[in-house]
Amino acid sequence: VQLVESGGGLVQPGGSLRLSCAASGFTFSTYAMSWYRQAPGKERELVASISSGGGGSTNYADSMKGRFTISRDNGKSTVYLQMNSLKPEDTAVYYCFAFRRSDSYWGQGTQVTVSP
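Just so it is clear, the structure is predicted and the values come from calculations on it, not from any experiment.

Peer 1: How would you summarise the nonpolar core if you had to cite specific residues and measurements?
Peer 2: With 28 residues, the main nonpolar core has Met33, Trp35, Val79, Leu81, Met83 and Tyr94 as its most contacted residues. Listing elements by their share of this core, those giving two or more residues are strand 3 (17-24), strand 4 (32-38), strand 5 (45-50), strand 7 (68-73), strand 8 (78-83), strand 9 (92-100) and strand 11 (110-114). Dropping the residues within four chain positions of it, Leu81 is found in contact with Leu17, Arg18, Leu19, Trp35, Val47, Ala48, Phe68, Thr69, Ile70 and Tyr94.

Peer 1: A description of the packing of aromatic side chains should follow, citing residues and the corresponding values.
Peer 2: Tallying each qualifying case throughout the model produces nine aromatic pairs. Taken together, a centroid distance of 5.2 Å and an interplanar angle of 35° make the contact between Phe26 and Tyr105 tilted. One end of the pair, Phe26, is in the loop between strand 3 and strand 4; the other, Tyr105, is in strand 10 (residues 103-106), and 79 residues separate them in sequence. For Phe26, a relative accessible area of 14% translates into the label buried. Here Tyr105 falls in the partly exposed class, since its relative accessible area comes to 24%. Summarising the aromatic geometry, the rings of Tyr36 and Trp106 are spaced 5.1 Å apart at their centres and angled 65° between planes, so their arrangement reads as edge-to-face. Within this pair, whereas Tyr36 is found in strand 4, its partner Trp106 is found in strand 10, the two being separated by 70 residues in sequence.

Peer 1: Lay out the pattern of salt bridges with the relevant residues and their values.
Peer 2: Following the criterion strictly, the structure yields five salt bridges and no others. Among the salt bridges present, the one from Lys65 reaches Asp62, with a minimum N-O distance of 3.2 Å. One salt-bridge network, held together by shared partners, links Arg37, Glu45, Arg67 and Asp90.

Peer 1: I'd like to hear about the pairing of strand 9, residue by residue, with values.
Peer 2: Bridge count for strand 4 against strand 9 is seven bridges, and the pairing is antiparallel. Of the residues in strand 9, the one forming a bridge with Ala32 is Phe99. Where strand 9 lies against strand 11, three bridges are found, and the strand directions are antiparallel. Across the sheet, residue Ala92 finds its bridge partner in strand 11, namely Val112. The pairing of strand 9 with strand 10 spans four bridges and is antiparallel. Within strand 10, the position partnered with Phe97 by the bridge is Trp106.

Peer 1: Quick rundown of the side chain of Thr110? Include the residues and the values.
Peer 2: Summarising the element assignment, Thr110 is placed in strand 11. For Thr110, a relative accessible area of 11% translates into the label buried. A polar atom in the side chain of Thr110 sits 3.3 Å from the backbone nitrogen of Gly8.

Parameters at a glance
Sequence positions are assigned chain by chain, starting from 1 and proceeding in written order. Residues qualify for local features only when their pLDDT is at least 70, as the model is predicted, and side-chain atom pairs are given and counted only at 80 or more; totals for whole chains, interfaces and linings, by contrast, use all residues. To obtain the side-chain values, all non-hydrogen atoms of the structure were included, while hydrogens and water were left out. Residues grouped as a nonpolar core are buried Ala, Val, Leu, Ile, Met, Phe, Trp, Tyr and Cys residues, joined through side-chain atoms within 4.5 Å. Accessibility here uses a 1.4 Å probe with only protein chains present; expressed as a share of the type maximum, an area under 20% marks a residue as buried, one over 50% as exposed, and anything in between as partly exposed. Strands are runs of DSSP state E lasting at least 2 residues, helices are runs of H or I lasting at least 4, and numbering of each runs from the N terminus. Should any heavy atoms of two residues lie within 4.5 Å, those residues are counted as being in contact. Each pair of aromatic rings taken from Phe, Tyr and Trp, with Trp reduced to its six-membered ring, is defined by centres within 6.5 Å and is described as stacked if the planes are under 30 degrees apart, edge-to-face if over 60, and tilted in the remaining cases. The salt bridge criterion pairs a side-chain nitrogen of Lys or Arg with a carboxyl oxygen of Asp or Glu, the two atoms within 4 Å. At least two bridges found by DSSP between two strands is the condition for calling them paired. Here a polar contact means two N or O atoms within 3.5 Å. Within protein one must be a hydrogen donor candidate and the other an acceptor candidate, and residues neighboring in sequence count only if both atoms are side-chain atoms.

Okay, here's the thing in structure tokens:
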């Protein structure tokens, strides 16, 4: 099983980034997917989640609503996180998470840094 995140980097405040998480080794469409993030010295926190199958249900942390969008492409076994209007406080390592009943998997993370 692998979850490989990409798309992180350095961006100025107000900018945008699109994170991708490519999955392999399990039946991607049957797993709900989430993005988490962890800033230095802070606990890991949920950013957004999307349901399994067609991804008809999504939810977001309050501070991300209206700025971030989670989506999935089951044909490509990939989940995305579109991040707009980025703020310095969005700086963190962003992790992809797959879960179904008692099964769960984490990616290795991708760094996002928002700085002038």
